[in-house]
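Residues per chain are reported as follows:
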Amino acid sequence: YRVRNFVFGITPDTARRIIPGRYRENLAALEVILDRASNEGIKVIMYIAPLRGGVRIPYVPTQYSTFKRDTESLGRQYGAIFKNYEELIPDSFWGTKASTSLGKKEELDFMHFRAPGHHILAETIHKLVIETSSIVRPEIRP
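Residues numbered from 1 in each chain as written. Predicted model: local features only at pLDDT ≥ 70, side-chain atom pairs only at ≥ 80, totals over all residues. Heavy atoms only, no water.

### Some remarks on the overall build of the protein chain
So, point 1. A tally of regular secondary structure across the protein chain gives four helices and four strands.
So, point 2. In the protein chain, the order of α-helices and β-strands from amino to carboxyl end is α-α-β-α-β-β-β-α.
So, point 3. Among the 142 residues that make up the protein chain, the fraction classed as buried is 27%. (Helix = DSSP H or I, 4+ residues; strand = E, 2+ residues; numbered from the N terminus. Buried < 20%, exposed > 50% of the residue type's maximum accessible area, 1.4 Å probe, protein only.)

Okay, structure coming up:
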């Protein structure tokens, strides 16, 4: 990756574009999963993953907005619970990672946060599961 990133000038904050064919295939796969879950009576919780704040995101903003809108719409079509946790993890819980570019030691990590952030996400999802457990299966309430 390092040589490729160096040659093409790719950095951690380089905007990643949607590849239309793959995007359609991924949405179709998500729909199959949601349809199967719906047919089996399985309640689905979907969420937009936390994203590092305070810096420019590594996605084309309009395409990222389309992705969020499309996945939420598809989820709701099949009765999924949908949450946006983009801003859930405070900036202080994000760090750096080993560089994927030549000549750099560390770079911002947009996808991974440290242990306190994982605790926040786990607690948030746990609370949501407990709150919706009567929707999922009333017989397994805590």
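### A short note on helix H2 (residues 20–39)
So, point 1. Between its first and last C-alpha atoms H2 spans 28 Å; for 20 residues at 1.5 Å apiece the expected length is 28 Å, and the two agree.
So, point 2. Taken together, the buried positions of H2 are Tyr23, Leu27, Leu34 and Ala37. Seen along its axis, H2 keeps its buried residues to an arc of 85 degrees; they face one direction. Seen from the buried face of H2, the exposed residues on the opposite side, beyond 90 degrees, are Arg22, Arg24, Glu25, Val32, Arg36 and Asn39.
So, point 3. Elements that come into contact with the buried residues of H2 comprise strand E1 (45–48) and helix H3 (61–77). (Expected span 1.5 Å × (residues − 1). Arc of directions from axis to C-beta. Contact = heavy atoms within 4.5 Å.)

### Focus on the layout of surface pockets
So, point 1. There is about 520 Å³ of room inside the largest pocket.
So, point 2. If you trace the largest pocket, you find 19 residues lining it, with Ile18, Ile19, Tyr23, Asn26 and Phe67 closest to the centre.
So, point 3. Mapped onto the lining of the largest pocket, the elements with two or more residues apiece are H2, E1 and H3.
So, point 4. For the lining of the largest pocket, the per-class residue count stands at 13 nonpolar, three polar and three charged. (1 Å grid on protein atoms, 1.4 Å probe; cavity = no way out; pocket = protein on both sides within 12 Å on 5 of 7 lines; lining within 4 Å. Points joined across faces, edges and corners; volume = space filled by probe spheres on them. Nonpolar A, V, L, I, M, F, W, Y, C, P; charged D, E, K, R; others polar.)

### Brief notes about the packing of aromatic side chains
So, point 1. This structure, assessed with the given rule, holds four aromatic pairs.
So, point 2. Measuring from ring centre to ring centre gives 4.9 Å for Tyr59 and Tyr64, while their planes differ by 10 degrees; the resulting arrangement is stacked.
So, point 3. Using a relative accessible area of 23% as the deciding quantity, one classes Tyr59 as partly exposed.
So, point 4. An angle of 75 degrees between the planes, with centres 5.1 Å apart, marks the rings of Trp94 and Phe113 as edge-to-face. Here Trp94, found in strand E3 (residues 94–98), pairs with Phe113, found in strand E4 (residues 106–113); they are 19 residues apart in sequence, far enough to count as distant.
So, point 5. Classification of Trp94 as buried rests on a relative accessible area of 3%.
So, point 6. Under the relative-accessibility criterion, Phe113 is labelled buried at 10%. (Phe/Tyr/Trp six-rings, centres within 6.5 Å; stacked < 30°, edge-to-face > 60°.)

### Some thoughts on the pairing of E1
So, point 1. On E1, burial follows the alternation: Met46 and Ile48 on one face are buried, whereas Ile45 and Tyr47 on the facing-out side are not.
So, point 2. As defined by bridge partners, E1 adjoins strand E2 (residues 81–84) across four bridges and the pair is classed as parallel. Residue pairing for E2: Ile45 is matched across the bridge by Ile81.
So, point 3. Between the parallel elements E1 and E2, the chain passes through H3 in a crossover that is right-handed. (Pairing = 2+ DSSP bridges. Right-handed = clockwise from strand over helix to strand, strands pointing away.)

### Focus on the environment of Glu107
So, point 1. Residue position: Glu107 is located in strand E4.
So, point 2. Each C-alpha atom of the pair Glu107 and Thr96 lies 5.3 Å from the other, and the pair is eleven residues apart in sequence.

### Overview of the packing of H2 against H3
So, point 1. Their axes nearest at 10 Å, the elements H2 and H3 cross at an angle of 20 degrees. Accordingly, the angle class assigned to the pair H2 and H3 is roughly parallel. For the pair H2 and H3, the sense of crossing is right-handed. Between H2, through Tyr23, Leu27, Leu30, Glu31 and Leu34, and H3, the contact on the second element is made entirely by Thr66, Phe67, Asp70, Thr71, Leu74, Gly75 and Gln77.
So, point 2. Residues of the contact of H2 with H3, tallied by class, amount to six nonpolar, four polar and two charged. (Axes fitted to C-alpha atoms, helices over the stretch in contact; angles between N-to-C directions. Parallel < 35°, antiparallel > 145°, perpendicular 65-115°, else oblique. Left-handed = near helix turned anticlockwise from the far one by under 90°.)

All we've got here are geometric facts, nothing functional implied.
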